[in-house]
Amino acid sequence: MTALAPVPRTDPSSGSGSGSDRSTEAAPGGHHVARGRLARLVTHLCVIVGVLLSIFPFYWLVVMSTSTTAEIFGYPPKLTFGSSFGENLRNVVASVDLLQALLNTVIVSGACAVLVMFFDSLAAFAFAKFDFPGKKPLFILLIATMLVPGSLSLVPSFILMSEIGWVGTLQALIVPGAANAFGIFLLRQMAAGSIPDELIESARIDGAGFFTTYWRVGVPLLRGGLAFLGIFTFISAWNDYVWPLIVLVNPERQTLQTALQNLNSLYLTDYGMVMAGALISVVPLVGVFIIGSRHFIANIAAGAIKG
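All of these numbers come straight from a predicted model, not from anything done at the bench. Note that residues are indexed from 1 along each chain, following the sequence as it is written. For a predicted model such as this one, the threshold for reporting local features is a pLDDT of at least 70, and the threshold for listing and counting side-chain atom pairs is 80 or more; totals across whole chains, interfaces and linings nevertheless cover every residue. The basis for every side-chain value is the complete set of non-hydrogen atoms in the structure, without hydrogens or water.

Participant: Describe the pattern of salt bridges, naming the residues involved and giving the relevant values.
Facilitator: Opposite charge on two side chains allows them to pair when their charged atoms are near. Any Lys or Arg side-chain nitrogen located within 4 Å of an Asp or Glu carboxyl oxygen qualifies as a salt bridge. Applying the stated rule across the entire model yields three salt bridges. Note that D197 is salt-bridged to K129, the shortest N-O span being 2.9 Å. Of this pair, D197 sits in helix 9 (residues 197–205) while K129 sits in helix 4 (residues 98–129), placing them 68 residues apart in sequence. Buried means the residue's accessible area, taken with a 1.4 Å probe over protein chains only, is under 20% of the maximum for its type, while exposed means over 50%, and partly exposed covers the values in between. Using a relative accessible area of 15% as the deciding quantity, one classes K129 as buried. The shortest N-O distance in the salt bridge between K135 and D131 comes to 3.4 Å. Accessibility expressed as a relative area gives 18% for K135, which makes it buried. A run of H or I in DSSP counts as a helix once it spans at least four residues, and a run of E counts as a strand once it spans at least two, with each numbered from the N terminus.

Participant: Explain the nonpolar core to me, using residue names and the numbers behind them.
Facilitator: Grouped together as the largest cluster of nonpolar side chains are 21 residues, with contacts concentrated most on V92, L98, L256 and L263. Per-element accounting of this core gives the leading share, seven residues, to helix 14 (residues 271–306). Sequence-distant contacts of L256, defined by excluding residues within four places in its chain, comprise L98, A101, L102, T105, W238 and S281. The term nonpolar core refers to a set of buried residues drawn from Ala, Val, Leu, Ile, Met, Phe, Trp, Tyr and Cys, joined through side-chain atoms within 4.5 Å. Residue contacts follow a heavy-atom distance rule, with two residues in contact if any of their heavy atoms lie within 4.5 Å.

Participant: Describe unusual backbone geometry, and please don't skip the residues or the numbers.
Facilitator: Residue P76 is reached from Y75 by a cis peptide bond, and omega for that bond is 0°. Examined against the element boundaries, P76 turns out to sit in the loop between helix 2 (69–72) and helix 3 (85–95).

Participant: Explain the packing of aromatic side chains to me, and be specific about the residues and the numbers.
Facilitator: Aromatic rings from Phe, Tyr and Trp, taking only the six-membered ring of Trp, are treated as a pair when their centres fall within 6.5 Å; an angle between ring planes under 30 degrees marks them as stacked, one over 60 as edge-to-face, and anything in between as tilted. Going through the model one piece at a time under the given rule, you end up with 19 aromatic pairs. Ring plane angle 40° and centroid distance 6.4 Å describe the contact between F56 and Y59, whose orientation is recorded as tilted. Residue F56 and its partner Y59 are both found in helix 1 (residues 12–65); the two are separated by three residues, about one turn of the helix. F56 gets classed as partly exposed once you look at its relative accessible area, which sits at 42%. Each ring, one from F125 and one from F210, has its centre 5.9 Å from the other, and the planes form 40°; the classification is tilted.

Interpretation note: all reported values are geometric properties and have no functional meaning in isolation.
Structure, rendered in structure tokens:
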């Protein structure tokens, strides 16, 4: 008879033990993956909720601009678009000189943004990279002006504009807004950290003067900050209401914000017309922000890659 070869015996406990060891080893990794997915899900949900909360006021503005006054104050509130936008827009155009006010606002906002970017970056570059007598006291005095409320300067500024004959003109809005302490402080901090001293020394060795060094070295490295400052200044000048209301006594020189306040009536206000005017004043700001933010984000990304 042929002897059968012995069959090796397998220990069930050893097999199950190795499987349990593998599952035990794999469990922590799977647990971390699940926690990571949950964290990303919560983060995305928070971002979505934040975006919706931010967009809703603009959506509600559009809804009201397309509705009548009765529909705006109806209950429950109407959350869908109406059919009265054309009529509301015609009422706005008939009530105020919209095109002239829009042109005045574009001129004032654009001039203020350009002048602020130029003068603030020039002063910030000097404060950050050059030594001159009285540098520290001047910078401290500059920072101190940021603590003074702007409303305190309204009366002195009006008296000054009256003395030089600028009351009722756009110069009274452009020249006082040509520079500000906030922009100088912001760009000075950026210039101190993003412009290497070696580049300044190289420019000096090549024979470049102060303005050439500022234009060829400082401005390219401050583009991100300049983009932000330009957007911020343009929006601030566009939305300014108190100072134009005080100094622009000439109806032909009114800005958009002061012109739209004429839509409010003493006895009866057409809120659909008012919301249509407000929408007209908001839409250009959205376009400026989209165009400017592209350059702002692109320069930040470029700086991060270089770093």
